[in-house]
Amino acid sequence: MSDDDDPVEAAPEGSTCGEHPDRSALVTCPRCGTYVCLACWHGAVQRCHACLLRDPMPPVPWADEAKDVAARLFGTLADAFSPTRTAVKFTRGEWRRGVTFALVTVLPIAALAGVVPFTHLLRFGPLGEVHPIGTPSALEHALDVAQALGLGLLIGAAKLLVMAAPYLSLTKAYGQPSDAQPTRQVLLYRGWLLVLGGRTGLLLQLIVWLLPLEPGDSLRLGAEVLSILPLMALLWAMTATARMARVGPLAAVVVVLVPFIVLFLAEPLLIHSLRPLLPVLSE
Ligand SMILES: [Zn+2]
Ligand SMILES: [Zn+2]
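Because the structure is predicted, anything quoted here is derived from the model rather than measured. (Residues numbered from 1 in each chain as written. Chains lettered and ligands numbered in written order. Predicted model: local features only at pLDDT ≥ 70, side-chain atom pairs only at ≥ 80, totals over all residues. Heavy atoms only, no water.)

Visitor: I would appreciate a short explanation of the coordination of the zinc ion (ligand 1) in the present structure.
Guide: Geometrically, a metal with four donors at the corners of a regular tetrahedron has ideal angles of 109.5 degrees, and one with six donors at the corners of a regular octahedron has ideal angles of 90 or 180 degrees. Every protein donor of the zinc ion (ligand 1) is accounted for by Cys-29 (SG), Cys-32 (SG), Cys-48 (SG) and Cys-51 (SG), and the metal-donor separations fall at 2.3 Å. With four donor atoms in place around the zinc ion (ligand 1) and angles of 104 to 113° between them, the coordination shape is tetrahedral. When the donors of the zinc ion (ligand 1) are listed by position in the chain, the intervening gaps give C-x2-C-x15-C-x2-C. (Donors = N, O, S within 2.8 Å, 3.2 Å for Na, K, Ca; no water. Tetrahedral: all angles 85-135°; square planar, octahedral: opposite > 155°, others 65-115°.)

Right, here's the structure in full:
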């Protein structure tokens, strides 16, 4: 067994991948000595795909029953800050366990993201202020907020679907069809980043509510840039995870960029189609 820091040897001229006899090998795995092609080589962890699957890696914290719920939740959220290293964990375990994680993270974040832009009877901000518009009754307020939460959920779910469908089908086409676990897991465990970031995400709504921002102001621009960071973390995690499904390095960039471009084009159409339900007074 060698250290992770050992220099990696190239595969001999003319050798082929141990797993794909039709592809030429590029690297000799320092752990098992197998010659592997680019798709089977995981540079970030310095081992071939077979060694990766053999190694006892920790699972996603959420799937670790030995820990308490808070440690599982916060451990999984914290993993989002090291997208490449933690992508290995998505090769472990079963994607169905990620469904509960997605429910407790994506649902509340998506719903709350609807409150500021979609309530008709409350005006938010600046500095965290909330003012009623007109003199509605408590019931009218409750229905108004409920509708805004519902619209937030609807938009969040639509964004996730628009992005997940091309990602799952492209990684299947370019990778190994049997490796669907990692790509499903990254969507379930990192989907919250999608409803947190971007123009319709919760992060931007919160910043606009809490800070004295005017549209067009430079602070507002800074807030919009900041709101892109969760999307970058998601893009990065999805690219690293596509590699875990044995999509080659270049194709891994393509299979992630396409869903993001689809999302970028679909989001304004989605908001437009909801226009009849939206408040007249927003922005
Ligand atoms: Zn190996
Ligand atoms: Zn190969």
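Still more to cover.
Visitor: Help me out: how do you make sense of the coordination of the zinc ion (ligand 2) in this one?
Guide: At 2.1 to 2.3 Å from the zinc ion (ligand 2) lie its protein donor atoms, namely Cys-17 (SG), His-20 (ND1), Cys-37 (SG) and Cys-40 (SG). One way to put it: the four donor atoms around the zinc ion (ligand 2) meet at angles of 98 to 114°, and that makes the site tetrahedral. Each donor residue of the zinc ion (ligand 2) belongs to the same chain, and together they define the spacing C-x2-H-x16-C-x2-C. Placement of the pair is Cys-17 in the loop between strand E1 (9-10) and strand E2 (27-28) and Cys-40 in the loop between strand E3 (35-36) and strand E4 (41-42), with a sequence separation of 23 residues. The buried category is assigned to Cys-17, whose relative accessible area is 3%. The exposure class of Cys-40 is buried, given its relative accessible area of 2%. (Helix = DSSP H or I, 4+ residues; strand = E, 2+ residues; numbered from the N terminus. Buried < 20%, exposed > 50% of the residue type's maximum accessible area, 1.4 Å probe, protein only.)

Visitor: Teacher, can you tell me more about the domain arrangement of the protein here?
Guide: By convention, interface size is frequently given as the accessible area that disappears when the constituent parts associate. Each assigned domain of the protein is listed here: domain 1 (1-56) and domain 2 (58-277). If you average the C-alpha positions of domain 1 and of domain 2, the two centres end up 34 Å apart. Taken residue by residue, the interface counts 15 residues in domain 1 and 12 residues in domain 2. Carbon and sulfur atoms make up 55% of the area that domain 1 and domain 2 hide from each other, which totals about 1,000 Å². Counting the surface domain 1 buries against domain 2, the share from its top three residues, Ala-39, His-49 and Leu-52, is 37%. (Domains from an automatic or database assignment. Contact = heavy atoms within 4.5 Å. Buried area = accessible area lost by both parts, 1.4 Å probe.)

Visitor: Explanation requested: the layout of surface pockets in the structure shown.
Guide: Sizing a probe to match a water molecule and rolling it over the atoms shows the empty space that remains. Approximately 360 Å³ is the volume found for the second largest pocket. Surrounding the second largest pocket, 17 residues form its lining, Ala-102, Leu-160, Leu-161, Leu-187 and Leu-188 being those nearest its centre. Mapped by element, the contributors of at least two residues to the lining of the second largest pocket are helix H4 (98-112), helix H6 (138-174) and helix H7 (180-196). Of all the elements, H6 adds the most residues to the lining of the second largest pocket, at seven residues. Here the residues of the lining of the second largest pocket sort into 15 nonpolar, one polar and one charged. (1 Å grid on protein atoms, 1.4 Å probe; cavity = no way out; pocket = protein on both sides within 12 Å on 5 of 7 lines; lining within 4 Å. Points joined across faces, edges and corners; volume = space filled by probe spheres on them. Nonpolar A, V, L, I, M, F, W, Y, C, P; charged D, E, K, R; others polar.)

Visitor: Would you explain the pattern of salt bridges in this entry?
Guide: Considering all chains together, one arrives at eight salt bridges under this definition. Residues Arg-72 and Glu-65 are paired through a salt bridge, measuring 4.0 Å at the closest nitrogen-oxygen approach. A relative accessible area of 57% means that Glu-65 is categorised as exposed. Shared partners join several salt bridges into a network, and the residues in it are Glu-65, Arg-72 and Arg-97. (Salt bridge = Lys/Arg side-chain N within 4 Å of Asp/Glu carboxyl O.)

Visitor: Would you take a moment to explain the nonpolar core for this structure?
Guide: Most often, soluble globular proteins keep nonpolar side chains buried together rather than apart. Core analysis: the biggest nonpolar cluster contains 38 residues, and Tyr-167, Trp-192 and Met-238 have the highest contact counts within it. Elements represented by at least two residues in this core include exactly H4, H6, H7, helix H10 (229-244) and helix H11 (249-273). Considering each element in turn, this core owes the most residues, nine residues, to H7. Cys-17, Ala-39, Trp-41 and Cys-51 belong to the second-largest nonpolar core, a separate cluster that totals 10 residues. (Core = buried A, V, L, I, M, F, W, Y, C linked by side-chain atoms within 4.5 Å.)

Visitor: Sorry if this is basic, but what is going on with the side chain of Asp-144 here?
Guide: Position of Asp-144 relative to the elements: it lies in helix H6. For the buried Asp-144, which has no salt bridge, the nearest side chain bearing the opposite charge is Arg-123, at an N-O separation of 12 Å. At 2.9 Å, the side chain of Asp-144 and the backbone nitrogen of His-120 are in polar contact. For Asp-144, the side chain forms a polar contact with the main-chain nitrogen of Leu-121, separated by 2.8 Å. Every residue in contact with Asp-144, bar those within four places of it in the chain, is listed here: Phe-118, Thr-119, His-120, Leu-121 and Leu-122. (Lys, Arg positive; Asp, Glu negative; His and termini not counted. Polar contact = N/O pair within 3.5 Å; in protein donor to acceptor, adjacent residues only side chain to side chain.)

Visitor: Explain a nonpolar patch on the surface here, please?
Guide: Together, Val-99, Leu-103, Val-104, Leu-107 and Leu-153 give the surface a local cluster of nonpolar side chains, amounting to about 370 Å² of exposed area. At four residues, H4 tops the list of elements feeding residues into the nonpolar patch. Looking at the element boundaries, Leu-153 is found in helix H6. (Patch = residues over 30% accessible without salt bridge, like charges linked within 9 Å, V, L, I, M, F, W, Y side chains within 5 Å. Areas by Shrake-Rupley, 256 points an atom, 1.4 Å probe, with all protein chains shown as cover.)

Visitor: I keep staring at the sheet that holds E2 and nothing clicks. Help me out?
Guide: Strands in a sheet are paired, the pairing made by backbone hydrogen bonds, and the direction either parallel or antiparallel. Strand order across the open sheet formed by three strands is E1-E2-E3, with antiparallel pairing between neighbours. Each edge of the open sheet is held by one strand with a lone partner, namely E1 and E3. One ladder, built from two bridges, connects E2 with E3; its direction is antiparallel. Bridged to Val-27 within E3 is Val-36. (Pairing = 2+ DSSP bridges.)

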